[in-house]
Amino acid sequence: LAKTPETQRNSRDEDASFFRDATKPVNENMIEYQRKVPFKGFSNNHLFPNEPSFRRAFPDGTSVALESMDVVLPEGWVWTEEDWCVLTGGQANDTGTDKDGWMYAFNWGTYVGKEQTGHFVRRRLLSRTRVLTVNPTAQAGVAKNAA
C-alpha cells in the first residue's frame, strides 16, 4: 500500500473492489496529504490546486482524487467502524510512520517515518472496512417476483 502509484481512474464503476465477493468484508483505503508552509506548519489548506487532500487507494495500486474522506458506499453496504483508522508503523510503510501515522518527504515520492529538515509534504494511510447487509442477488429476485 505504501508504494501506491498516484494514477487516476475515470470512474468508480471501474473499481472491482466495489463489486468483489459480497460474502467477505472489504477493506477500503484512503491516503491523506498535507503540505508544509514555513512558520505555518502542515495543513491540507497549503496544498497546491492540483494536489488533492485525499485519494482513495485501490488494491491494484491505482488511486482516485477525492475532495473529502466521504466515500459513498454502494447500496446495501455499511461501514463496520464509525470513522477511518490511521495506519501506523509497519502497517503503513516499510520505513514506518510517526505516532500519528504520517510519512514525510521533500516532495511527493520516497517517504520516511520521521520528519526531517527539508521535508515539505506528508501523507498518511487510513483504512475502513465495509460489509454487505443485503444480498443483492436475493434482493433482485424479490423485486423480479413482485413485478
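The rules behind the values
Once a new chain begins, its residue numbering starts again from 1 and follows that chain's sequence as written. Restriction of local features to residues with pLDDT of at least 70 applies here, the model being predicted, together with a cutoff of 80 or more for giving and counting side-chain atom pairs; totals for whole chains, interfaces and linings are based on all residues. Side-chain metrics rest on all non-hydrogen atoms present in the structure, leaving aside hydrogens and water. Put simply, a nonpolar core is a bunch of buried Ala, Val, Leu, Ile, Met, Phe, Trp, Tyr and Cys residues held in one set by side-chain atoms that sit within 4.5 Å of each other. Throughout, exposure labels follow a simple rule: accessible area from a 1.4 Å probe, protein chains only, divided by the maximum for the residue type, with under 20% read as buried, over 50% as exposed, and the rest as partly exposed. Under the DSSP-based scheme used, a helix requires at least four consecutive residues in state H or I and a strand at least two consecutive residues in state E, with every element numbered from the N terminus. Each residue gets a pLDDT score, which is the predictor's confidence in that residue and runs from 0 to 100. Here, residues are in contact when the closest pair of their heavy atoms is within 4.5 Å. Between Lys or Arg on one side and Asp or Glu on the other, a salt bridge is scored when a side-chain nitrogen of the former is within 4 Å of a carboxyl oxygen of the latter. The rule for pairing is simple: two strands pair if DSSP sees at least two bridges between them.

Looking at this structure, I do not really get the nonpolar core. What am I missing?
Most often, soluble globular proteins keep nonpolar side chains buried together rather than apart. Of all hydrophobic cores here, the largest spans eleven residues; its members are Ile31, Tyr33, Leu47, Ala57, Leu87, Ala92, Met103, Ala105, Tyr111, Val121 and Leu125. At the level of secondary structure, the elements contributing two or more residues to this core comprise β1 (26-37), β7 (102-105) and β8 (121-132). In this structure, Phe54, Val71, Trp84 and Leu126 belong to the second largest nonpolar core, which totals five residues.

In this structure, what is going on with the confidence of the model for the chain? I would like to understand it.
In low-pLDDT segments, the atomic positions of the prediction should not be examined closely. When pLDDT is averaged along the chain, the result is 79, and 76% of the positions lie at 70 or above. In the model of the chain, helix α1 (residues 136-146) stands out as the element of lowest mean pLDDT, 52, in contrast to strand β2 (residues 41-43), which has the highest, 95. Here residues 1-18 scores under 50 on pLDDT; set against residues more than four positions off or in separate chains, the count is 59 contacts.

What exactly am I supposed to notice about the pattern of salt bridges here?
Where charged atoms of side chains with opposite charge meet at close range, the side chains can pair. As enumerated under the stated definition, the model contains six salt bridges in all. A salt bridge links Asp100 to Lys99; its shortest N-O distance comes to 3.3 Å. Overlapping salt bridges bring together Glu28, Arg56 and Arg130 as one network.

In this structure, what is going on with the pairing of β8? I would like to understand it.
Regular strands show a simple pattern: their side chains alternate between the two faces of the sheet. Of all twelve residues making up β8, ten are buried, and the element is well covered by its neighbours. As paired elements, β1 and β8 share ten bridges and run antiparallel to each other. Directly across from Met30, in β8, lies its bridge partner Leu126. With three bridges joining them, strand β5 (residues 77-79) and β8 adopt antiparallel strand pairing. Note that in β8 the partner of Trp77 across the bridge is Leu132. Judged from the two bridges that link them, strand β6 (residues 85-86) and β8 form a sheet pairing that is antiparallel. Within the sheet, the bridge partner assigned to Val86 lies in β8 and is Leu126. Sheet topology note: the β7/β8 ladder contains four bridges and is antiparallel. The residue bridging Ala105 from the neighbouring strand is Val121, located in β8.

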